[in-house]
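# Residue-level structural notes
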Amino acid sequence: MHEVTALTLAELRERSSEKWREYPADVLPLFVAETDFPLAPPVAAALQRAIDTGDTGYIASRSPLAETYAAFAKRRFDWDVDAARIRSTADVSMGIVEILRRVVQPGERVIVTPPVYPPFYDLVEEAGAEVERVPLRDTGTTWKLDLDGIRTAFEDGARAMLLCNPHNPTGTVHDRSSLEALAELAAEFDAIVVSDEIHAPLAQPGAGFTPFLSVGAAAQRVGYAVVSASKAFNLAGLKCALMVAAHEDSAAVLRGLPVEVVWRTGQFGLLAAVAAFSEESDVWLDGLLHTLDRNRVLLEDLLVRHLPEARYRIPDAGYLAWIDVSALGLGDTPARRILKEAKVALNDGSAFGAEGEGYVRLNFGTSPEIITEAVERIASLTRR
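Residues numbered from 1 in each chain as written. Predicted model: local features only at pLDDT ≥ 70, side-chain atom pairs only at ≥ 80, totals over all residues. Heavy atoms only, no water.

## A closer look at the pattern of salt bridges
To keep it simple, the criterion reads: Each salt bridge in this description consists of a side-chain nitrogen of Lys or Arg and a carboxyl oxygen of Asp or Glu lying within 4 Å of one another. For the purposes of this entry, the term helix denotes a DSSP run of H or I that reaches at least four residues, the term strand denotes a run of E that reaches at least two, and both are numbered from the N terminus. Exposed residues in this analysis have more than 50% of their type's maximum accessible area, buried residues have under 20%, and partly exposed residues fall in between, with area computed by a 1.4 Å probe over protein chains only.
Counted according to the given criterion, the structure contains 26 salt bridges. We note a salt bridge from Arg76 to Asp286, for which the minimum N-O separation is 2.8 Å. Here Arg76, found in helix 4 (residues 65–77), pairs with Asp286, found in helix 14 (residues 282–306); they are 210 residues apart in sequence, far enough to count as distant. Judged by its relative accessible area of 25%, Arg76 is partly exposed.

## A word on the environment of Ala70
For the record, the criterion: Should any heavy atoms of two residues lie within 4.5 Å, those residues are considered in contact.
Within the fold, Ala70 resides in helix 4. Spatially, the C-alpha atoms of Ala70 and Asp80 are 7.0 Å apart, while their sequence positions differ by 10 residues. Not counting residues up to four positions away in its chain, the partners in contact with Ala70 are Trp79, Val81 and Ala83.

## Overview of unusual backbone geometry
When glycine is set aside, most residues are seen to have a negative phi, and most peptide bonds are trans. Across the junction of Asn165 and Pro166, the peptide omega takes the value 0 degrees, indicating a cis bond. Considering the arrangement of structural elements, one finds Pro166 in the loop between strand 7 (160–164) and helix 8 (176–188). The step from Asn168 to Pro169 runs through a cis peptide bond, and the omega angle for that step is 25 degrees. Mapped onto the fold, Pro169 is located in the loop between strand 7 and helix 8. Phi angles above zero are rare outside glycine, and Asn234 is one such case at about 55 degrees. Mapped onto the secondary structure, Asn234 falls in the loop between helix 10 (230–233) and strand 10 (241–245). For Asn234, a relative accessible area of 21% gives the class partly exposed. The backbone of Lys343 sits at a positive phi, close to 60 degrees, despite the residue not being glycine. Take Lys343: it is sitting in the loop between helix 15 (334–342) and strand 13 (344–345).

This is the structure:
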């Protein structure tokens, strides 16, 4: 298996991105969703070619991006995507907002499923809509969509749902039957589902990731997907995401978006995404998944050994760990105390919704050494 190894701490301190500039050098930053790995070689080569040739202008009106993503979706997810029904934009958040603006009216309600990526609340409001909260159901072993709660919200007039699949922060890959039921519910109430699938390339091989638009005719009729290479390949700063439709009516909505929505795609983002989604990058991506698999298990072992009262479920996808630390006596905002006293930067669970109180989100997309030191620092704090 190809190994993807994180850079050293000294090398990472040379970076100027948010993860490595927000806090002083004595803090281990395990908060924002950036990874600590070198770029995939095909991506680095594509960007170097662009620099060497000065290929830094506007994106072209024709590019291989849509076709390359369609081939990636078929290889990785066995999902048949019509490249003609894809449009690009700067990032997943922008894609979500632009779609919502065209499928809901000002003041209408959009369902979100907390605990969930905090910007979801802001994106719904940016689109002129109002947030309808239908929390995930905690079954004791996993998190699932509350289909009864979603039905009630649709019955009460909610017009759309913002789905997170795989889910951030829990790392849950929603099962096919839940997605089919969601699609049928949305179709019954003439509602729309916008599925944020930015973490999909990071679903572990045994997790059985299912794209929402692949689950049948109802999903194709009611749904949109917004995808990107940015999380898997650490390309967030380059600005490129894809809005995907699977039905002619929704494809017409995407075609009707102002040209500036597409033109906000970054040239470097587009070039990097084409390289990332190409078959040439599959070996690197498989190696990354192997590394993250080891890291998620390592984190479980470290928590059992050093913080046995913490509760953590190994995620199906991604590199974000959702950890219940409410039994550790760290107060109402545990991440704040951990930052102040242990010098480890995590995301506080309360930012993800009231359901996240007592939780922290930890980014394990780094080296085993940094993960180990972070957990040991937190454990030292609890022993004081």
